[in-house]
Every structure is written in structure tokens, then in C-alpha cells.
Amino acid sequence: MKYSMVIPAAGQGKRMNAGKNKQWIELKGKPLIAHTLSVFEEDPWCREIILVVNEAEKEQFHELIDRFSFQKVTKVVPGGAERQHSVFAGLKAVAETDLALVHDGARPFVQRDNIHELVVKATETGAAILAVPLKDTVKKAKGETVTETVDRASLWAVQTPQAFRLPVVLQAHRQAAEAGYLGTDDASLVEQTGYPVSIVEGDYLNIKLTTVHDLIFANAILEQRERETYDSSGTRL
Ligand SMILES: Nc1ccn([C@@H]2O[C@H](COP(=O)(O)OP(=O)(O)OP(=O)(O)O)[C@@H](O)[C@H]2O)c(=O)n1
Ligand SMILES: C[C@](O)(CO)[C@H](O)COP(=O)(O)O
């Protein structure tokens, strides 16, 4: 089973407050984006990677691709003002494919077994996302006063990758652009078209590095991974 990959990396990392795009933050001596790209470079199911970047950082990203000899990055395309614009630009650059995956450059810890489960599900249904059941008690509030405790039994914390048949997600992005709808993930655009989106239960360690606190978790996950063993296909033992 093969898929094409779109990786948006054209953000500014404002919430990380690192004074630069967080993709360049080093984890164990390797830039964050290189950790993410390695996952897909090494996955035999991944056919091509479209990397979406800030125009001003294009040269830096090309140097990184050369430095780590990433063979599957076939295109580096300029992003837009919002994540959604960057993803749309990436999707439009995908070569003919059945299945397109979208994955945040800032989520370096996704595991191959979860990617493959997602791909199998999306091949069957046309649209699927990785998510984990919400662990926190969730409340709504008006100002500082609680108005409601929400039943978390049906709530999921959504991750990437998100996988779609290419025409399904392209149509959703086109419709969203026309309607002026801005979502925080791609599945929400597909939902707006009425197309059903399936959930595949993922892994709590597939975190997005959003604020400085996430770097503490990131380093701990990397240390744990160094202690884990994998078989020759890259599956956890
Ligand atoms: N205009 C944008 C905004 C975001 N992204 C990418 O989308 C992913 C998820 O977004 P987020 O974590 O919000 O990253 P930033 O936008 O960089 O962070 P912030 O919102 O804190 O500025 C990141 O890999 C980011 O580089 C992008 O390609 N283009
Ligand atoms: C796509 C995403 O990673 C799913 O969790 C997320 O929505 C990205 O945007 P956010 O603004 O950081 O939530």
C-alpha cells in the first residue's frame, strides 16, 4: 500500500517562543523537522514527500535535505499564512496518487504501525485520522465560572497524520477556501463537505511540539525510544 505525504513546516512557532521556526530546534543534535522526515523516508509505504516551507527558509530546507540525504522529498513548495493554506499548497503539488497523508512537521514521534493502520482504514473509507481518547475532565466556562462538565466518553484528541483519498481532500480544501472557512485540521474541512471521517486510535506519545514544555516530553520520548528495540521492518518489539 502506497501513499503520498504532505508535511507542512511553514509555521513560525509563535507559541514555542524560540525566536525561530520551531522546525530548527535540535533534539539530540538533529533538527525537529529531520526527525519527522526520517519517519516517512524510512517507511516503505511512503512514495513521495511534499515539504511545505516558508519562502525565506527554502535554501535552509534544501541544505537539510542534502545533509540527511532524504531521497523521498520530491518537492519543496512555499506555504501560506495559515496551516490550512500551506497544506492546500502541498496537496496541489502531489503527483497522481490514491492516498494523500498530511502530517505536521512538528510531530516527530509518530510510529509506523499507527501510520499503517491509518492507511489501511483510509484506503477502505476514504478519510481517516489518528486520535486518542481524551484523558482530562473537560469543562465549559463563562468567564471564570463553570457552566458545564462535558461528557468525555465521546471526545478524542486529534493528531496527524490524517489520510484521505486525494480528490476528497482537494475538494474539501477548495470548498473551504470558497466559503472562507478556516479549520485547525484537514479532517474538519472534509467533515464540512459531509464526507464521513473515521477515527483510528493512535498513541499518546505522538505529541506536537507546541510550547516549550513539550521539549521536556520530547527529550524523554527520545531517551525511551533509544532503549526500545525494533525488528527489521521498523515495528516495535
Ligand atoms: N502557516 C503555517 C502554519 C503552520 N504550519 C505548520 O503546521 C504544523 C502545525 O502547526 P503549529 O503547531 O500551529 O505550528 P506553528 O504555526 O509553527 O506554531 P504557532 O501556531 O505557535 O505559531 C507545523 O509543522 C507548522 O510548521 C505551516 O506549514 N504553515
Ligand atoms: C492538525 C493538528 O495537529 C491536530 O491536532 C492541530 O489541530 C494543529 O493546530 P493547533 O492550532 O496547534 O491545534
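Residues numbered from 1 in each chain as written. Chains lettered and ligands numbered in written order. Predicted model: local features only at pLDDT ≥ 70, side-chain atom pairs only at ≥ 80, totals over all residues.

This part takes up the packing of helix H3 (residues 83–92) against helix H5 (residues 166–179). Direction vectors running N to C along H3 and H5 enclose 135 degrees, while the axes themselves pass 10 Å from each other. In this view, H3 runs oblique relative to H5, as classed from their interaxial angle. Once H3 is placed against H5, the crossing between them reads as left-handed. Contacts between H3 and H5 pair Gln84, Phe88 and Leu91 from the former with Val169, Leu170, His173, Ala176 and Ala177 from the latter. Its residues assigned to classes, the contact of H3 with H5 comprises 6 nonpolar, 2 polar and no charged. (Axes fitted to C-alpha atoms, helices over the stretch in contact; angles between N-to-C directions. Helix = DSSP H or I, 4+ residues; strand = E, 2+ residues; numbered from the N terminus. Parallel < 35°, antiparallel > 145°, perpendicular 65-115°, else oblique. Left-handed = near helix turned anticlockwise from the far one by under 90°. Contact = placed C-beta atoms within 7 Å. Nonpolar A, V, L, I, M, F, W, Y, C, P; charged D, E, K, R; others polar.)

The UniProt entry lists Arg152 and Lys208 under the feature "site: Positions MEP for the nucleophilic attack" (unreviewed entry), expressed in the numbering used here. Structurally, Arg152 is set in the loop between strand S9 (145–150) and strand S10 (156–165). When sequence neighbours within four positions are dropped, the list of residues in contact with Arg152 reads Leu134, Thr137 and Val138. Here Lys208 is to be found in the loop between strand S11 (198–201) and helix H7 (213–227). Those residues in contact with Lys208, other than ones at most four positions away along the chain, are Asp104, Ala106 and Arg107. (UniProt positions renumbered as here; feature names shortened; annotations may be inferred.)

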